[in-house]
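# Overview (structure and organization)
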Amino acid sequence: MVRTVIMVSKKIALACAFLMGALVTVNAQQKDFHDWAKTPPMGWNSWDCFGPTVVESEVKANADYMSKNLKAFGWEYVVVDIRWYVGNDKAHGYNESNPDYVLDEYGRFQPAVNRFPSAAGGKGFKPLADYIHKKGLKFGIHIMRGIPVEAVKRNLPILGSKATAKDIYSTELQCLWLRDMYTVVAGRDGAQEYYNSLFKLYASWGVDFIKVDDLSRPYHTGEVEMIRKAIALTGRKIVLSTSPGETPIASAPHVQEHANMWRTVDDFWDNWPMLKDHFEVFERWNKYRAAGAWPDGDMLPLGKIGIRAERGNPRMTAFTKDEQYTLMTLWTIFRSPLMFGGDLPGNDAFTLSLLTNREVLDVLNHSSNNRQLFRNEQGVCWVAEDPKTGDQYVALFNPGDAPQALKISVNLNDLGFTKPCKLRDLWSKTDKGIVKGTFSATINKHGAGLFRLSAIK
């Protein structure tokens, strides 16, 4: 009898130890997930060129290009955007009249095999993720928050729970622009288990990056927290990106605590007014940036876009070269994630040069104290520091619509320079001599310059 009690006690003790270990592991993962994106994530996303219709061969072609031309410069994520689970979607919108959804028996979407042939036989995205991983890159997908409407209609069971889809859903706050999903109600039996099963599946596929849509407007606190917990339980380092629209400023501390990056605007396309708006947006969000938690200005609509997109026809970006310099300079000095939207194999030499300037990318990855110095009729100036050397980065912008170039000046005392310093143009990779007192540069209409100032020792 005593022996039996001792044996039972040992089993209980072992079970408690196991549970405590699991809790410690989850808590550690919840605390350190910002380490998974210590610098702003850089990658490619299929949305701007292929909308909801990208196919496996196109994803592989972009991964091949990235591996060959961009990986050495820090570009690493290859992301399949929206509705990869619909076999008959269309460009310039969505097929919502008769979508061919692909789900498993637990209400979880699966890749449409006619678009992603390697997913046949229930393999999901694992073969495609393996292909991308072998190239030294990382794989990501887009999902909509919630549970599929189709899963609710079929009342499918939830893996790891006695609940079914009908037990956890609500029609309240359903996405206004795409009706694939219902809200998952936090706190209901089966709700967390549904998200757990979802991310366990993605982890088994080898997913490294998740863009979760329809979380921001309004901000869905409960689902954000369930997603964060579900990612932690997988034990896999999955970067979380929330989207779309401007996340409410009131929710900034919460999203910073739970996500690696979050959207600050609606979908961003290749027109100047949208780009110009980012000066105000980035100033507003600047204080909420932290290592591993990045306000996201949205994708870069550069290069060859619109192939089968939501907006526009096949084209090279409508931004002028000066506007492209402005986009890249502003995203860099603000330290926004860089997710390229164009079809990489269709790049021209100029587009490639924007993505492979190491001196510019050093500002993105290693600068600190990034801030707007001024924004007035004389132009816009952002500055930042190189924490290793004390050098100062200066980004100058001419957002005005007058056709002539604008001379923009910066008082070097405002940057802490009381003696002469060396000036380097980072985009042209050329030294520009010695400056003292005031630094001035002539910037084209809608253009930008990015410079490094170094004290003479």
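Residues numbered from 1 in each chain as written. Predicted model: local features only at pLDDT ≥ 70, side-chain atom pairs only at ≥ 80, totals over all residues. Heavy atoms only, no water.

Looking at the chain, the domain boundaries give domain 1 (34-366) and domain 2 (372-455). Contact with domain 1, which involves 23 residues of that partner, is made by 24 residues of domain 2. Summing both sides of the interface, domain 1 and domain 2 together bury roughly 2200 Å²; the carbon and sulfur share of this comes to 64%. Its largest share of buried area at the contact with domain 2, domain 1 owes to Phe279, Ile333 and Glu359, together 28% of the area lost on that side. Applying the counting criterion to the domain 1 and domain 2 interface returns 2 salt bridges. For Arg424, the salt bridge identified is with Glu359, shortest N-O distance 2.7 Å. Top element by residues in the side of domain 1 that touches domain 2 is helix H11 (residues 321-334). It accounts for 9 residues. Counted by class, the side of domain 1 that touches domain 2 contains 11 nonpolar, 6 polar and 6 charged residues. (Domains from an automatic or database assignment. Contact = heavy atoms within 4.5 Å. Buried area = accessible area lost by both parts, 1.4 Å probe. Salt bridge = Lys/Arg side-chain N within 4 Å of Asp/Glu carboxyl O. Helix = DSSP H or I, 4+ residues; strand = E, 2+ residues; numbered from the N terminus. Nonpolar A, V, L, I, M, F, W, Y, C, P; charged D, E, K, R; others polar.)

Of all hydrophobic cores here, the largest spans 123 residues; its most connected members are Trp75, Trp84, Ile141, Phe199, Tyr202 and Ile333. Broken down by element, this core gets its largest block of residues, 9 residues, from helix H7 (residues 191-205). Of the residues that make up this core, three or more belong to each of domain 1 (34-366) and domain 2 (372-455). Setting aside residues no more than four positions away along its own chain, Trp84 makes contact with Phe109, Gln110, Pro111, Ala112, Arg115, Phe116, Phe125, Ile141, His142, Ile143 and Trp205. Listed in part, the 18 residues of the second largest apolar core include Leu423, Val435, Phe439 and Phe451. (Core = buried A, V, L, I, M, F, W, Y, C linked by side-chain atoms within 4.5 Å. Buried < 20%, exposed > 50% of the residue type's maximum accessible area, 1.4 Å probe, protein only.)

By the definition in use, this model includes 28 aromatic pairs. On the basis of an interplanar angle of 70° and a centroid distance of 5.1 Å, the ring pair of Phe282 and Trp331 is categorised as edge-to-face. On the criterion of sequence distance, the pair formed by Phe282 in helix H10 (residues 272-285) and Trp331 in helix H11 is long-range, its members being 49 residues apart. For Phe282, a relative accessible area of 0% puts it in the buried group. Three or more aromatic residues link up through ring pairs in this structure, and these residues are Trp84, Tyr85, Tyr101, Phe109, Phe116, Phe125, Phe139, Phe199, Tyr202 and Trp205. Lying across the ring of Phe73, Arg358 places its NZ or CZ 4.2 Å from the centre. (Phe/Tyr/Trp six-rings, centres within 6.5 Å; stacked < 30°, edge-to-face > 60°. Lys NZ or Arg CZ within 6 Å of the ring centre and 35° of its normal.)

Turning to the packing of H11 against helix H13 (residues 358-366), a few remarks are in order. Following both chains from N to C, one finds H11 and H13 inclined at 35°, their axes separated by 7 Å at the closest point. Residues Trp331, Thr332 and Ile333 of H11 pack against Val360, Val363 and Leu364 of H13. Taken together, the residues of the contact of H11 with H13 break down into 5 nonpolar, 1 polar and no charged. (Axes fitted to C-alpha atoms, helices over the stretch in contact; angles between N-to-C directions.)

Counting across every chain of the model gives 25 salt bridges. Between Arg145 and Asp214 there is a salt bridge, with the nearest N and O atoms lying 3.0 Å from each other. Within this pair, whereas Arg145 is found in the loop between strand E3 (138-144) and strand E4 (147-148), its partner Asp214 is found in the loop between strand E7 (209-213) and helix H8 (221-234), the two being separated by 69 residues in sequence. Here Asp266 ties to Arg217 by a salt bridge, and the two come within 2.6 Å at their closest N and O atoms. With Asp266 in the loop between strand E9 (261-263) and H10 and Arg217 in the loop between E7 and H8, this pair connects stretches of sequence that are 49 residues apart. Asp266 sits in the partly exposed class, given a relative accessible area of 39%. By sharing partners, the salt bridges in this structure join Arg83, Asp89 and Asp180 into a single network.

Burial within E3 is extensive, with 6 of its 7 residues counted as buried. Summarising the sheet, strand E2 (residues 77-80) and E3 pair through 4 bridges and their orientation is parallel. Residue Val78 lies in a different strand from E3, and its bridge partner there is Phe139. Chirality of the crossover, the property in question, places the unit of E2, helix H4 (residues 126-134) and E3 among those that are right-handed. (Pairing = 2+ DSSP bridges. Right-handed = clockwise from strand over helix to strand, strands pointing away.)

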